[in-house]
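Understanding the architecture of this molecule
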Amino acid sequence: MTTEARTAPFEDLVAALADGAGAPAPAEVLLGPLTAPARVHGAGDGTGPGVAVLFWCGGVHVLAYDPPHRGDGSGGGGGRDGGCPQCLAWFLTRSAADADTPAEAVPDSGPEGDARSRALWRQAGPALRTTTVRLALDLLRGPTPSGALATIDRAAGTVRQGRVPPRAGCPACGPATAATTVPFGSAPELLEKADGTLRARRPLPPTLLSDYLGPHSLFREPLVDLDGPVPTAQVSLPLADGGREPGVGRTRTFDASRRTAVLEGLERHTGLCRRTPRDTVEATLAELGKRAVDPRTLGCHTDGQYAQDGFPFAPLGADETVRWVPVTPVGGGPAEYLPEAALSWVHRPGERRPFFYDTSNGFALGQSHEEATLHGILEVVERDAFLLAWYRRLLLPELRPGPADGGVRDVMARVETATGFRVRLYWATLDIDIPVVLAMARREADTGPCTLVSTAAGLDPRAAAESAIFEVAARVASIRHMYDDDPEHRRRLAEDFGALRTMEDHSLLGALPSSREWFAFLTEPDRPEIGLTEAAEAAPAHAALDEDLEYVRARVEAAGLDVYAADVTTPELRWRGLVCTRSFVPGCLPMTFGHGNRRLEGLPRLDGGTLPWASRLPPGRTPADVPPHPFA
């Protein structure tokens, strides 16, 4: 390129890109406002990527992307290495509540749109145009992955590099359909375990944080808690109502907590992002027969709840035709069918009322479907064990750390020193013979928060104990900050359980001094004890995640229960080699929040069945008479 060309004001963007020495011609060029750019060049015969120059909120975004005609149409960006201009526009302007809402396709620019965009380009001024063209040429020269982004801050004069993920629901990235069956049988390198964990040995992408953090991607920069007893980080998804859906990480280091927060945030995003499944069937329960997973076996509301005026849920009618999606029995066998409305915990306006209140219980991420499903099942088992212990007031053994359990004892001591709450551990493993540990943080006081609990499941009891302690410590820190914010709300919760609405309400109510007696079944002195060291010695030692999954499946089935999994992976996850599944175990108690949303019907183990620990329910009382659970 000549000196004259290098210093030219680049009044015509397309001409400037075409003249770039060593740069292939772009396949297409978009120019203009972020939400309404014009296609100022779209011959489609260029050998380079598409280039978009988009103006938005004091910045100029220069994006390289695969144009639509190069996409494979495999379903919501499945074959793309990065996002397109419409993906970027959604990430910058939209919320997680409409994650699967299709955007309008960018039309071919008419004369007015073309003229408006070119005028905007000329108004940018020579210096900004020169910088923009040079960044675009750098992207064209490559090698450049699709979704590569350079953002110019017009006020500061700085340039920020990034990657834009493909997003579910983007019309330019392909139809957002997906198969819900789970293709187990992952490559061995994805199943080999990292030492001492239930995670793959293969490292997560080194760019995980930069790929998903920032205004051009899913999450804003993470917050960290510098005052709490354990290193905690949080990311959040913006919601349409102005709220935030959090992803939280709690580990021994802030770096690990940031990664965990992003992964949990991705899990929450997946739960909020409903796609149109493939291979759906419209039928009644009777027509499907044994091929159907009856949603009533997942736990339903009572007839009295359904009969309430304005109750937002409705049971499946005996002769009602609904849409069913295939799910995979873990362990093998032909696919069975679950109502689509029971697959996700998100309800679209205008649809049939959901069967029941639902949460993200059973959603989990991994680098393979085996890894994701393993952790989804563990979450279902953990919540089931806690709720059975709570509603049946089970006399759980106390779990005693020994001299060999120094790591667990250190974390317990750290929590007590930082918060004044003493932590006790309980063995909450029930008829499903998978270790579950309940951690209770408690202080003896007449004012302020007094009692909080949390649980964790895993194949290594020490790891489960440590995780439960991290969780309850974080709840202590959170409740201490919010406890005095609204005394009137605390009073309403104590006087009217119907006032409970959120997860925070449950832990706040349980923390009140007046709720202390609810935990008597955990504080009675005459109870068995189990050594953590001895429990840890019985942990299985498997080299691969599929072996762990088979071990867990066998123990769930030994309790008379079946296990299913559904693939709910979105393009945002697939982009970085991650998958997400949701696991279902009919008969396990589902986690709910809001006292009026409890799902206690269709669950035989709640009222009967053999559990290893005695019930402390008073004579004549049933689980329905038990106060709201304090889980959070």
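Details of the structure are given in the entry above.
Treat the numbers as computed from the prediction; the structure is a model and nothing was measured. (Residues numbered from 1 in each chain as written. Predicted model: local features only at pLDDT ≥ 70, side-chain atom pairs only at ≥ 80, totals over all residues. Heavy atoms only, no water.)

Within the protein, the regular secondary structure consists of 20 helices and 22 strands. If one aligns the C-alpha atoms of the protein with their principal axes, the spans along those axes are about 90 × 60 × 50 Å. Expressed as a percentage of its 632 residues, the buried residues of the protein come to 57%. Within the protein, contacts between residues separated by at least 24 positions form 69% of all contacts whose residues are at least 6 apart in sequence. About 25700 Å² of surface is accessible on the protein, with carbon and sulfur atoms providing 51% of the total. Side chains of the protein give 65 positive and 82 negative charges; the mean places of these two sets differ by 3 Å. (Helix = DSSP H or I, 4+ residues; strand = E, 2+ residues; numbered from the N terminus. Buried < 20%, exposed > 50% of the residue type's maximum accessible area, 1.4 Å probe, protein only. Contact = heavy atoms within 4.5 Å. Areas by Shrake-Rupley, 256 points an atom, 1.4 Å probe, with all protein chains shown as cover. Lys, Arg positive; Asp, Glu negative; His and termini not counted. Charge placed at Lys NZ, Arg CZ, Asp CG, Glu CD.)

Let's shift gears to the sheet that holds strand β8 (residues 223-225). Strands sit in the order β8-β9-β10 across an open sheet of three strands; the sheet is antiparallel. Two strands lie at the open edges of the sheet, namely β8 and β10 (244-250), each paired on one side alone. Shown here is a sheet whose adjacent strand axes are inclined to one another by a mean of 25 degrees, direction ignored. Its contacts with the sheet put helix α8 (residues 254-272) on β8, β9 (232-238) and β10, and the angle it makes with β10 is roughly 145 degrees. (Pairing = 2+ DSSP bridges. Axes fitted to C-alpha atoms, helices over the stretch in contact; angles between N-to-C directions.)

One open sheet holds the six strands; their spatial order is β2-β1-β3-β4-β5-β6, and the pairing between them is mixed. Taken across any chain shown, the strands that pair with only one partner, and hence form the sheet edges, are β2 (38-41) and β6 (159-163). Each adjacent strand pair in this sheet contributes to an overall mean axis angle of 20 degrees, direction not counted. Judged from the five bridges that link them, strand β4 (residues 59-65) and strand β5 (residues 148-153) form a sheet pairing that is antiparallel. Paired with H61 across the bridge in β5 is T151.

Evaluated as defined, the whole model comprises 31 salt bridges. For E488, the salt bridge goes to R491, with nearest N and O atoms at 2.1 Å. Placement of both E488 and R491 in helix α14 (residues 487-495) is noted, with a separation of three residues, approximately one turn of the helix. A residue is classified by how much of its surface remains accessible, and E488, at 35% relative accessible area, is partly exposed. Judged by relative accessible area, R491 falls into the partly exposed class, the value being 37%. Because the salt bridges share partners, they merge into one network encompassing E398, R400, R424 and E529. (Salt bridge = Lys/Arg side-chain N within 4 Å of Asp/Glu carboxyl O.)

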